[in-house]
Amino acid sequence: MSREEFEEAVADGLDLIPEELARHISNVVILVEDEPPTDADDPDLLGLYEGTPLTERGEWWAAGSLPDRITIFRNPTLRFCESKDEVAEEVAVTVIHEIAHHFGIDDDRLHELGWA
């Protein structure tokens, strides 16, 4: 799968977020990188949220804060999946999983909800 096709899959995953939730996403940039950082605990990491969840933002937060970052990792996803359809599905799950972290939902709750 080309990088362009992968980025389209990420955009399609974002399109799955209901409008009533999407309008509450604040100060977030979505990126695609080929590989997770070399210092990542898991070399097969599919996505990463870096930032301050909405549930933890106070008045102090807006003063000069950089955007939160959601990074979707292309190569681990491609290694994990066997078809373009499977990649599209896994990317959608990963995008929603990382957006959920932006809303303050932790991994345990995401596992309970089936978005792990």
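Before reading further, recall that the structure is shown in the block above.
Just so it is clear, the model here is predicted, and its values are computed rather than measured.

Criteria and cut-off values
- Residues numbered from 1 in each chain as written.
- Predicted model: local features only at pLDDT ≥ 70, side-chain atom pairs only at ≥ 80, totals over all residues.
- Heavy atoms only, no water.
- Core = buried A, V, L, I, M, F, W, Y, C linked by side-chain atoms within 4.5 Å.
- Buried < 20%, exposed > 50% of the residue type's maximum accessible area, 1.4 Å probe, protein only.
- Helix = DSSP H or I, 4+ residues; strand = E, 2+ residues; numbered from the N terminus.
- Contact = heavy atoms within 4.5 Å.
- Pairing = 2+ DSSP bridges.
- Axes fitted to C-alpha atoms, helices over the stretch in contact; angles between N-to-C directions.

**Q** Residue-level account of the nonpolar core, with values.
**A** Ranked by internal contacts, the top residues of the largest apolar core, which has 14 residues, are Phe 6, Val 10, Ile 72, Val 91 and Val 95. For this core, the elements supplying multiple residues, two or more each, are helix H1 (3–15), strand S3 (68–73) and helix H4 (84–102). For this core, the element with the most residues is H4, which contributes five residues. Setting aside chain neighbours within four positions, we find Phe 6 in contact with Met 1, Val 32, Ile 72, Phe 73, Arg 74, Thr 77, Leu 78, Val 87 and Val 91.

**Q** Account for the sheet that holds strand S1 (residues 28–33), with residues named and values stated.
**A** The strand order S1-S3-S2 describes an open sheet built from three strands, whose pairing is mixed. Either end of the sheet is taken by a strand with one partner, and the two such strands are S1 and strand S2 (47–50). Within this sheet the neighbouring strands show an average axis-to-axis angle of 15°, counted without direction. Pairing of S1 with S3 involves six bridges; the strand directions are parallel. Among the inter-strand pairings, Glu 33 is bridged to a residue of S3, identified as Phe 73. Set on the sheet, H1 makes contact with S1 and S3; between it and S1 the angle comes to about 150°.

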